[in-house]
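# Summary of the model geometry
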Amino acid sequence: MSISSEYPVSADQIDRALVALGAEPLFDPEMRPEGPQDEDRRRLLGALLAKVELEITAATRLGSDEDEGEVLLGWIEEAGPDSGMTNNVLVNRLHRTGVQLLGLDEDETFPGQSAASMAIVVSADTFGAHLRPHGDVEGVRSALGRAEVSVIEVQQSMHNLRVAIGDAEEEEE
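Residues numbered from 1 in each chain as written. Predicted model: local features only at pLDDT ≥ 70, side-chain atom pairs only at ≥ 80, totals over all residues. Heavy atoms only, no water.

### Examining the overall build of the protein chain
Heads up, the condition is: Where helices and strands are cited, they refer to DSSP runs of H or I of at least four residues and of E of at least two residues respectively, numbered from the N terminus. With C-alpha atoms as the basis for the radius of gyration, the globule rule is written as 2.2 Å multiplied by the number of residues raised to the power 0.38. Summary of the burial criterion: residues with accessible area below 20% of their type's maximum are buried, those above 50% are exposed, and those between are partly exposed, where the area comes from a 1.4 Å probe applied to protein chains only. Contacts are residue-level and defined by heavy atoms, with any inter-residue pair within 4.5 Å sufficient. Only the protein chains shown count as cover for residues, and the accessible areas themselves come from Shrake-Rupley with a 1.4 Å probe.
Summing up its helical and strand segments, the protein chain has six helices and zero strands in all. Starting at the N terminus and ending at the C terminus, the protein chain contains elements arranged as α-α-α-α-α-α. A globule of 173 residues ought to have a C-alpha radius of gyration of about 16 Å, yet the protein chain, at 20 Å, is considerably larger. Dimensions along the principal axes, computed over C-alpha positions, put the protein chain at roughly 60 × 40 × 40 Å. The buried share of the protein chain, taken over its 173 residues, is 22%. Taking as baseline every contact in the protein chain between residues at least 6 positions apart, the subset at least 24 positions apart corresponds to 54%. Carbon and sulfur atoms make up 55% of the accessible area of the protein chain, which totals about 12,600 Å².

Put into structure tokens, the structure is as follows:
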């Protein structure tokens, strides 16, 4: 489901965009005098994405449909409403959101947080299965398998949350 960019940006271009947005340099110039390299491209894109998302959040009033609508219109004008790239972006965004919500850096993931994270992953994998090229049975099977595992995790996490609030009893193993 990978879609190539018609005009891919270089690591140097992404780094310059980050500098223009006032982001701290990702790499110490004394340690890396040659600057960002091609292998840094994905990490730089992640940093740029974070900077842009933080700027959008700062410019958007919480719960404002009008503000969110303006951001969405700008996004659609750039990406196009029905392109394959748009769908790929949405699946990737859902996966990133699910992983971020899970909080991989935390020592403990709470049941409600885990259930919400896995529900997002279910959405991403189910939509990803739908987007597989016609005839890619193995790709669909793999995406649906991941979605089913995530559904089980959602149910288990929801049960754990019910146990935590006293609405259910802990199951014996």
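### Some words on the pattern of salt bridges
Put simply, the rule is: Put simply, a salt bridge is a Lys or Arg side-chain nitrogen that is within 4 Å of an Asp or Glu carboxyl oxygen.
Under the definition given, this model contains nine salt bridges. When the shortest N-O distance is used, the salt bridge between Asp136 and Arg132 registers 3.8 Å. Residue Glu138 is joined to Arg141 by a salt bridge in which the shortest nitrogen-to-oxygen separation is 2.4 Å. Here Glu138 and its partner Arg141 are both found in helix 6 (residues 137-165), three residues apart, which amounts to about one turn of the helix. Sharing partners across several salt bridges, the network here consists of Arg32, Glu34 and Asp40.

### Notes on a nonpolar patch on the surface
Keep this limit in mind: Exposure above 30% relative accessible area and the lack of any salt bridge qualify a residue for a patch; like charges then connect within 9 Å, and the nonpolar side chains Val, Leu, Ile, Met, Phe, Trp and Tyr within 5 Å.
Nonpolar side chains collect at one region of the surface, where Leu21, Val52, Ile56 and Val71 lie side by side and expose about 260 Å² of accessible area between them. If you trace the backbone, Leu21 turns up in the loop between helix 1 (11-20) and helix 2 (41-59). You can call Leu21 partly exposed: its relative accessible area is 39%.

### Quick look at helix 6
What counts here: What a helix should span is 1.5 Å times the count of its residues minus one.
With 29 residues, helix 6 extends 42 Å from end C-alpha to end C-alpha; this agrees with the ideal 42 Å at 1.5 Å per step. Of all the positions in helix 6, only Gly139, Ala143, Ala147, Ser150, Val154, Ser157 and His159 are classed as buried. Buried residues along helix 6 sit in contact with helix 5 (111-131). The positive-phi residue at the C-terminal boundary of helix 6 is Gly166, with phi of around 85°.

### So, the packing of aromatic side chains
The condition that has to hold: In this analysis, rings of Phe, Tyr and Trp, with Trp reduced to its six-membered ring, are considered paired at centre separations within 6.5 Å, and the interplanar angle assigns stacked below 30 degrees, edge-to-face beyond 60, and tilted for intermediate values. A ring is considered to have a charge above it if a Lys NZ or an Arg CZ atom is located within 6 Å of its centre and within 35 degrees of its normal.
Under the definition given, this model contains zero aromatic pairs. We note Arg32 situated over the ring of Phe27; from NZ or CZ to the ring centre the distance is 4.3 Å. Over the ring of Trp75 we find Arg93; its NZ or CZ atom is 5.4 Å from the centre of that ring.

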